[in-house]
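# Architecture and fold: a report
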Amino acid sequence: IFDFSPPEDIDQIKDTLIDAVQKQKTTSYEGISYNVDGVAGWYSTTVSPIIREGQPDGVILMGRDVSERVRAERQRLELSIAHERVRLLTELMADLSHDLKTPLTIINASLYLLERLENPQKQQDKLTQIKNQVLRLEKLIQDILTLSTLDKVPQLKRTSLNLNQMAREIE
């Protein structure tokens, strides 16, 4: 089995074999393995101990290629993330359109009233209201620009990681 496994997975495989024999219980693990042609794929391996007269006498290993399932799970996850991004973007656009319309409505109403008011104090109040709404619009636009730069973050390179091996190294 070790000839068909990446070196970084050997400790996990040994632990699985020892666990199956000591507990006299079938166990399994999933990971990258190589077929006889040297092509890598995801395999689910079941380890079953052979018990004779109450004592361990060996193990039976059965590997099954689950590469298609793993690939399908990754695609399903990527599709789910894409759907969530579309949903969030749609929600953001609806919120933004509402948030932009509100100050514009207040500005328009204030301008309408400003044109018809003769009292200088009331005119000044309407001008202050307009200035506040313009500042609100400026802040919203700045927030939109900030959000647009966040979307341009470079894509991270993702790789597989053996968490068991990493935990052993940290330990």
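Summary of the structure given here. Model, not experiment: these values are computed from the prediction. (Residues numbered from 1 in each chain as written. Predicted model: local features only at pLDDT ≥ 70, side-chain atom pairs only at ≥ 80, totals over all residues. Heavy atoms only, no water.)

## Let's talk about the layout of surface pockets
Rolled over the atoms, a probe sized like a water molecule indicates the empty space that remains. In this structure, the second largest pocket occupies an estimated 210 Å³ of space. In terms of lining residues, the second largest pocket is bounded by 13 residues, among which Asp9, Trp42, Ser160, Leu161 and Asn162 are the most central. Breaking the lining of the second largest pocket down by element, the ones donating at least two residues are β1 (27–34) and α4 (163–170). Per-element accounting of the lining of the second largest pocket gives the leading share, three residues, to β1. Within the lining of the second largest pocket, the residues separate by chemical class into five nonpolar, five polar and three charged. (1 Å grid on protein atoms, 1.4 Å probe; cavity = no way out; pocket = protein on both sides within 12 Å on 5 of 7 lines; lining within 4 Å. Points joined across faces, edges and corners; volume = space filled by probe spheres on them. Helix = DSSP H or I, 4+ residues; strand = E, 2+ residues; numbered from the N terminus. Nonpolar A, V, L, I, M, F, W, Y, C, P; charged D, E, K, R; others polar.)

## A closer look at the pattern of salt bridges
Evaluated as defined, the whole model comprises 10 salt bridges. Two residues, glutamate 68 and arginine 71, come together in a salt bridge whose shortest N-O distance is 2.6 Å. With a gap of three residues between them, glutamate 68 and arginine 71 both fall in helix α2 (residues 67–116), about one helical turn apart. Classification of glutamate 68 as exposed rests on a relative accessible area of 57%. (Salt bridge = Lys/Arg side-chain N within 4 Å of Asp/Glu carboxyl O. Buried < 20%, exposed > 50% of the residue type's maximum accessible area, 1.4 Å probe, protein only.)

## Regarding the pairing of strand β2 (residues 40–52)
Sheet analysis places β1 next to β2, joined by eight bridges and oriented antiparallel. Bridge pairing in β2 places tyrosine 29 opposite threonine 45. The hairpin formed by β1 and β2 contains five residues between the paired strands, and glycine 38 there has a positive phi angle of roughly 85 degrees. With 10 bridges connecting them, β2 and strand β3 (residues 55–65) associate as antiparallel partners. Each residue of the ladder has a partner; that of isoleucine 50, found in β3, is glycine 58. Where β2 folds back onto β3 in an antiparallel hairpin, the turn is made up of two residues, including glutamate 53, whose phi is positive at roughly 55 degrees. (Pairing = 2+ DSSP bridges.)

## So, unusual backbone geometry
Non-glycine residue glutamine 24 carries a positive phi angle of around 50 degrees. With respect to the helices and strands, the residue glutamine 24 is situated in the loop between α1 (10–23) and β1. Even without glycine at this site, glutamate 53 takes up a positive phi of about 55 degrees. In this fold, glutamate 53 is placed in the loop between β2 and β3.

## Looking at the packing of α2 against helix α3 (residues 120–150)
Running from amino to carboxyl end, α2 crosses α3 at an angle of 160 degrees, the nearest separation of the two axes being 9 Å. What the angle tells us is that α2 and α3 run roughly antiparallel. Here the hand of the crossing between α2 and α3 comes out left-handed. Residues belonging to the contact of α2 with α3 are distributed by class as follows: 17 nonpolar, five polar and three charged. (Axes fitted to C-alpha atoms, helices over the stretch in contact; angles between N-to-C directions. Parallel < 35°, antiparallel > 145°, perpendicular 65-115°, else oblique. Left-handed = near helix turned anticlockwise from the far one by under 90°.)

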